[in-house]
Every structure is written in structure tokens, then in C-alpha cells.
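An overview of the molecular structure
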Amino acid sequence: MIQEASPSDAPAIEAFLAKHPDTSMFLRSNLLAHGIGFGDDDHSTRFFIWGQDRIQGVFGLTKKGYLMAQLPDCSPEAAQAFAGRIAGQTVLGMTGAAQQVEMILDALGLGQTGYRLHHDEPLYRLDLGEIPEAPIPFRALSEADRPLLTRWFADYFEDTDQAKGHEAREMASDRITTDIQSGRAIVMLEDDAPVAMAAINASVRDQVQVGGVFVPRENRNCGLGRKVTTAVLQKARTEGANTAILFANNPPAARAYETMGFQQIGWYRIALLQTPQKVLS
């Protein structure tokens, strides 16, 4: 049985998701930050619960149109039921545990749709007690950084195959505004000049998810990716985090994270549709 969650279901949903923390970060952080149901923020989320006497799966649909799920038993019946509940909704893509995402997209009729990005990335975890203590110079983003970061973020979206050209620059502008307002992103400094960036994409209790690690093309192959990741994790540790997860977009990034001590724990799928699609099931 599937039902749309109400605010009173939030504690039970969090208790279920907490049993699967590494692949539930977006679901948990959206629940913590915005509660249940659509609100003013694009990350506000409608939650759906699968299970008869206990929760066996949780699905999420953000206001912007992104899908998430935690369905450990990969039940096709649950995926079909979710498809029925969101029929007619427009979606932009889905992220989550690789096997779950593949099965759910098939149930939604989106398995063979055109995607701009549709691949599995290695998922890593690190105990932040392993992060070096030596401080690395960094600071939060500011409006003064906007011209520089517009280029950086546009290159980031292009390098990760999320967008190209004008669309990448538009996405860059939106991302800068979000990261300045959230205070979760940093730039690493050398001689007081920004040389790389990183961010915390999600934070739940004592665990964080790292994202947006980017070294400009002219600064690569100097170990700055490891350093800026260390810097953002040092900051997270001072704010109470003791565990970090991330997924690596490419083999060089994966090798850099492994050098830092990150251990692979699974695979995470990123599926971004070429154009928004309505769920027809």
C-alpha cells in the first residue's frame, strides 16, 4: 500500500531513512529543512510511504521536479504504485542508489527516455576523524565572487555533462545565488586569491554530503581538489559532523578521494532528463 505522507508522518519517515543514511541524504535533508509537502522552496518535497504495517519504502518528489527514493527491497509493486500516485506530474530527473533508480525509472515509463546525464558514480564514505588538522585557507562565497564563479560554475556544469553554453551559464547564476545564501560553499585561497571551490550539498545531524568540488581548468593537476575537499570537511567537522559521503564524477576524482581515505560503499545514479517529462503511468 502506498500513501502520501502528512506532517505527522515525519518522525517515522526519518526513523526509516536513518537506517539507510548514505543513500538517503537528499530525502533526509529536504525533510529536515522543509518538512512534508510543497512550500516556497524548490527543494520542498512531497513524500510517499510504501508499506502496510510498517514503512518499507519512501519516495520523494521535489517542487522543482526531481525524484528520490529509499526502497531497499527494490519492490516493482511499490515502484508501480508510486508511478500511479504521481501520474501527470512533470519530472526533471532522479538520483539515488543505482539499482533502485533504474527500477523506478522503468516503472515510471522513463527508462528509455533521452537523458543529458545518466550514469552510475562510485559512492564513498569517510570518518572525519581521518581529516588532517592543519588548517587550509578558505572563505565563504560573496557577491564579489560572482563574475569569477559564473565562469567556474558554468565550466563545472559543462565538465560534468549537466548543461552546455547558455544553459550552463544560467544554471551557474542560479547556483551562485543559492550557495551564497546557504553559506555551505567555500572557495580555497592561495595568496588570498580563490583557486578552487567545494560545498556541502546536504547535512543531516552528524553526517554531510560533499558536492560541487571544482578546480578551474588552469589550476588542475596540482592536488587542489584534495585540498579544497579537506578544507570543506574541516569546516563541517567544526560544525559537528563526524561522517562524510560523496560520489565521484570521474576516475581522477575517485582516485583523489581514495587517497584522502574515502572508502567506496556502493554506486549512486545521476539521471537528468534531456527535457522535462510527464509521468504517464
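Here, the structure is the one placed above.
Described below are features of the structure shown in this document. (Residues numbered from 1 in each chain as written. Predicted model: local features only at pLDDT ≥ 70, side-chain atom pairs only at ≥ 80, totals over all residues. Heavy atoms only, no water.)

**What to know about the environment of Ala5**
Under the convention used in this document: Per the convention used, a helix needs a DSSP run of H or I reaching at least four residues, while a strand needs a run of E reaching at least two, with both numbered from the N terminus. Here the term buried applies to any residue with accessible area under 20% of the maximum for its type, exposed to any over 50%, and partly exposed to those in between, with areas from a 1.4 Å probe on protein chains only. Two residues qualify as a contact provided that any one of their heavy atoms is within 4.5 Å of a heavy atom in the partner residue.
Following the sequence through the fold, Ala5 ends up in the loop between strand E1 (2–4) and helix H1 (10–17). Classification of Ala5 by relative accessible area gives buried; the value is 10%. For the pair Ala5 and Ala256, spaced 251 residues apart in sequence, the C-alpha separation works out to 40 Å. Excluding its chain neighbours within four sequence positions, the residues that come into contact with Ala5 are Ile13, Ile36, Phe47, Phe48 and Ile49.

**Points about the sheet that holds strand E4 (residues 66–70)**
Across a sheet, paired strands are connected by hydrogen bonds in the backbone, their directions being either parallel or antiparallel. How we decide: DSSP bridges decide pairing: two strands pair if at least two such bridges lie between them. Angles run from 0 to 180 degrees between N-to-C directions of axes, and those axes are lines fitted to C-alpha atoms, restricted for helices to the stretch in contact.
Across the sheet, which stays open at both edges, the twelve strands sit in the order E1-E2-E3-E4-E5-E12-E6-E11-E10-E9-E8-E7 with mixed pairing between neighbours. With partners counted over all chains shown, the strands left at the sheet margins are E1 and strand E7 (138–140), one partner each. The average angle at which neighbouring strand axes cross in this sheet is 25 degrees, direction not considered. Pairing of strand E6 (residues 115–127) with strand E11 (residues 243–247) involves five bridges; the strand directions are antiparallel. Bridging across to E11, Tyr124 finds its partner in Leu246.

**Regarding the packing of aromatic side chains**
The line we're drawing: Centres within 6.5 Å make a pair out of two Phe, Tyr or Trp rings, where for Trp the six-membered ring is used; the pair is then stacked when the planes are under 30 degrees apart, edge-to-face when over 60, and tilted otherwise. Lysine and arginine charges are scored as sitting over a ring when NZ or CZ, respectively, is within 6 Å of the ring centre and within 35 degrees of the ring normal.
Taken as a whole and judged by the stated rule, the model has seven aromatic pairs. Through pairs of rings, three or more aromatic residues link up here, namely Phe153, Tyr156, Phe157 and Phe214. Positioned above the aromatic ring of Phe38 is the side chain of Arg46, whose terminal nitrogen or guanidinium carbon lies 5.9 Å from the ring centre.

**Here's the deal with the nonpolar core**
Worth spelling out the cut-off: Remark: nonpolar core denotes a set of buried residues (Ala, Val, Leu, Ile, Met, Phe, Trp, Tyr, Cys) joined through side-chain atoms within 4.5 Å.
Counting 29 residues, the largest nonpolar core has Leu128, Met188, Val208, Val232, Leu233, Tyr257 and Phe262 as its most contacted members. When contributions to this core are tallied by element, the ones reaching two or more residues are E6, strand E8 (185–190), strand E9 (193–204), strand E10 (207–214), helix H7 (224–238), E11 and helix H8 (251–260). Ranked by residues supplied to this core, first place goes to H7 with six residues. Among the nonpolar cores identified, the runner-up in size contains 27 residues, and Leu71, Ala79, Leu108 and Tyr115 belong to it.

**Examining the pattern of salt bridges**
Quick reminder of the rule: Just to be clear on terms, a salt bridge is a Lys or Arg side-chain nitrogen sitting within 4 Å of an Asp or Glu carboxyl oxygen.
Taken as a whole and judged by the stated rule, the model has 17 salt bridges. With a closest N to O distance of 2.8 Å, Arg46 and Glu4 form a salt bridge. Linking Arg46 in strand E2 (residues 45–50) with Glu4 in strand E1, this pair joins segments that are 42 residues apart in sequence. Using a relative accessible area of 16% as the deciding quantity, one classes Arg46 as buried. The partner of Asp145 in a salt bridge is Arg139, with the nearest N and O atoms 2.8 Å apart. Looking at Asp145, the relative accessible area reads 5%, which means it is buried. It is possible to trace a salt-bridge network through shared partners that takes in Asp155, Asp159, Arg217 and Arg220.

**Considering the side chain of Arg46**
Just so we agree on the cut-off: Identification of polar contacts relies on pairs of N or O atoms within 3.5 Å, with a donor-acceptor requirement for protein atoms, meaning one able to donate a hydrogen and the other able to accept it, and with residues adjacent in sequence counted only if both atoms are side-chain atoms.
Looking at Arg46, its side chain comes within polar contact range of the side chain of Glu4, at 2.8 Å. In this structure, Arg46 is in contact with Glu4, Gly37, Phe38, Phe59, Gly60, Leu61 and Gln89, ignoring residues within four places of it in sequence.

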